[in-house]
Amino acid sequence: MTIARRLGILAIAAGLATSIPAFAQAQNPFAGLQEQIDALTQRLYALETGAPGALTVACPGQTIGDALASAPAGAPLTITVSGMCTENVVVMRDDVAILGADGGATVVAANPSRPAILLEGARRVTLDKVSTSGGAGGVVGVRGAVFTVSNARVSGAAGYGVVVTDNSVLAVLDSTVENNTGYGMVAARASHLRVGQDLSGTLVGRPVTVKNNGAGGIQIVDNSIGIVIATTVQNHPNGNGVGISGSNAARIGAVTGLVAPNTITNNRNGVSVYQASQAFIRGNTISGSTTGVNLGSAAATIIGNAISSSNVGISVSETSTARIGIADDSVTVVGNTIEGSARDGIGIYNGSSAVLAGNTVTTSGRFGVNVTRSTARMVGRNVITGNTGHGVIVIDSSSLFQGQGDFAVADSFDRIESNGGHGINVFNTSSINLSNVRIANNAGRGIDLFLGSSARVTNTTVVDNTTVVDNAREGVGVAGASLFSTPIPANLVVTGNGTGGLICFDGTSRASGDFLGISSNGGSQVSCSGF
């Protein structure tokens, strides 16, 4: 029977009750019926107009599933839960709030092969102070679910902790996701995951912790979108702290109008961007990883991060592109600090390209910046210092352009100083173009060209490059059929170097240009044949 028909019947009954004469009310068989009719009418009207409902579940003894099943469909519903509920909850209706009572509530998966809480296409759902334990997944949203998880602990799942898939949307706020066998969180199949920010985009960080999960921390895959701010991601030695792969986009550490950095520590890779994905990575502290930020066939803007104690601080490889320290407007410089890398501070490898500005790269175990079979630009305010090997190495048909170029960086001056090897080593048919750089106090040569490599240099100072032991080195060394050239005039200064200014070491190497600024070096000032 429809609600409208029921209301019609009640109206007839109401008329019958009110038509009894007043003198007969004492014997009226319908006495009190009017009050009952009014109450029923109000309830039916509430159902018809979608007025909110509220239920209470006390576990054990009651279940969230029974409460969902017993509540009339169509109206917003709030369920307040207390205790530990052993069940697998399935939410298939919209506008549901499941709220833990003052002490919170926990759902323990009764069937370990199913999620503890599953949202099947349910929209506008809130889970607050409701934790989960066990299950194939902790909290899972599928087929267009839209929901928020807050003030919760999701742990012990045999698969992933929190999952959104198949065009679903999720915000995780003020929560901890830990000790799950798979990833802590996953967004897949064109879904949207926000960690640390609500779905309204409020410019306030809501801290989240993701730690000690078996496969990795947060993974965004299959054409999905992710935002991760104000979050600690730690202790995932088998996987990424944050991984973005499969044509995805993510913002890590900042959104428009808000910088809310993440702390990403002790993961295999701190942030990994892979397979035609794109990321904006800003303001994070990333440490203790094999690679701090790893790009493979991807693109990223990486600014304002502190990256330390990794094997490689930032790795750009497999035809990736990156802006490192310079924003997408090509003007704003927010450099990264990269220190204590076991190998390279910044590595640009295998057909990739990167633009560097404002970065400090120091105390790397091998090279400060390594450009291998790739292209790099240094457009100003970089400091490459205190690295064990060369400050910058350009190798295997790579190229480096140093100078402002078409970038509007206010100070385009770069410094390559006090490194344990050469300032810049150019090897195996590679080339450099330097226009505004200071190369000083390096233990090897200022600039070393070898094996068919070339340099064109202007507005550059190469001073005081001396060895830390008994061997003195040259300002510029050219060997193996390499070429060194300057425009005329060059404004080139090469001075105070240990065993020479500009030296060609074999008859196949050449130098040409303006050498008037080469003076006061130990040994010969210029010993090269022209072109």
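Conventions adopted
Residues numbered from 1 in each chain as written. Predicted model: local features only at pLDDT ≥ 70, side-chain atom pairs only at ≥ 80, totals over all residues. Heavy atoms only, no water. Core = buried A, V, L, I, M, F, W, Y, C linked by side-chain atoms within 4.5 Å. Buried < 20%, exposed > 50% of the residue type's maximum accessible area, 1.4 Å probe, protein only. Contact = heavy atoms within 4.5 Å. Helix = DSSP H or I, 4+ residues; strand = E, 2+ residues; numbered from the N terminus. Salt bridge = Lys/Arg side-chain N within 4 Å of Asp/Glu carboxyl O. Polar contact = N/O pair within 3.5 Å; in protein donor to acceptor, adjacent residues only side chain to side chain. pLDDT = per-residue confidence, 0-100.

## A few points about the nonpolar core
Now for step 1: Membership of the largest hydrophobic core comes to 102 residues, with the highest contact counts inside it found for I64, L119, M185, V271 and F484.
Now for step 2: Beyond its immediate chain neighbours, meaning those up to four positions away, L119 contacts V91, V125, L127, V139, V140, G141, V142, A145 and F147.
Now for step 3: With seven residues, the next largest nonpolar core counts V355, A357, V379 and V409 among its residues.

## Observations concerning the side chain of N248
Now for step 1: Its place among the elements puts N248 in the loop between β19 (231–245) and β20 (249–252).
Now for step 2: Looking at N248, the relative accessible area reads 3%, which means it is buried.
Now for step 3: Among all residues touching N248, those that are not within four sequence positions of it are I220, V221, D222, N223, S224, A276, S277 and Q278.

## Some remarks on the pattern of salt bridges
Side chains that carry opposite charge are capable of pairing whenever their charged atoms lie near each other.
Now for step 1: Considering all chains together, one arrives at 15 salt bridges under this definition.
Now for step 2: One salt bridge in this structure joins D94 and R124, with 3.8 Å as the shortest N-O distance. A residue pair is termed long-range when its members are at least 10 positions apart, and D94 in the loop between β3 (89–91) and β4 (96–108) and R124 in the loop between β5 (117–120) and β6 (125–128) qualify at 30 residues.
Now for step 3: The salt bridge partner of R377 is D406, with a shortest N-O separation of 3.1 Å. Within this pair, whereas R377 is found in strand β36 (residues 375–378), its partner D406 is found in the loop between β39 (399–402) and β40 (414–417), the two being separated by 29 residues in sequence.
Now for step 4: D406 gets classed as exposed once you look at its relative accessible area, which sits at 64%.
Now for step 5: Residues joined in a network through salt bridges with shared partners are D94, D95, R123 and R124.

## Remarks on the side chain of S224
Now for step 1: Tracing the backbone through its elements, the reader meets S224 in the loop between β17 (216–221) and β18 (225–228).
Now for step 2: Of the residues examined, S224 reaches a relative accessible area of 1% and is grouped as buried.
Now for step 3: A distance of 3.1 Å separates a polar side-chain atom of S224 from the backbone nitrogen of S191.
Now for step 4: In contact with S224, not counting residues within four places along its chain, are A187, A188, R189, A190, S191, S247, N248 and A249.

## Some points on the confidence of the model for the protein
Now for step 1: Looking at the protein, the pLDDT average stands at 90 and 88% of residues meet or exceed 70.
Now for step 2: Note on residues 466–472: pLDDT under 50 across the span, and ten contacts to partners over four residues away in sequence or across chains.

## Here we look at the environment of R510
Now for step 1: Here R510 shows up in strand β51 (residues 510–512).
Now for step 2: With 32 residues separating them in the primary sequence, R510 and V478 have C-alpha atoms 7.5 Å apart.
Now for step 3: Among the polar contacts made by the side chain of R510, one reaches the main-chain carbonyl oxygen of G507 at a distance of 2.4 Å.

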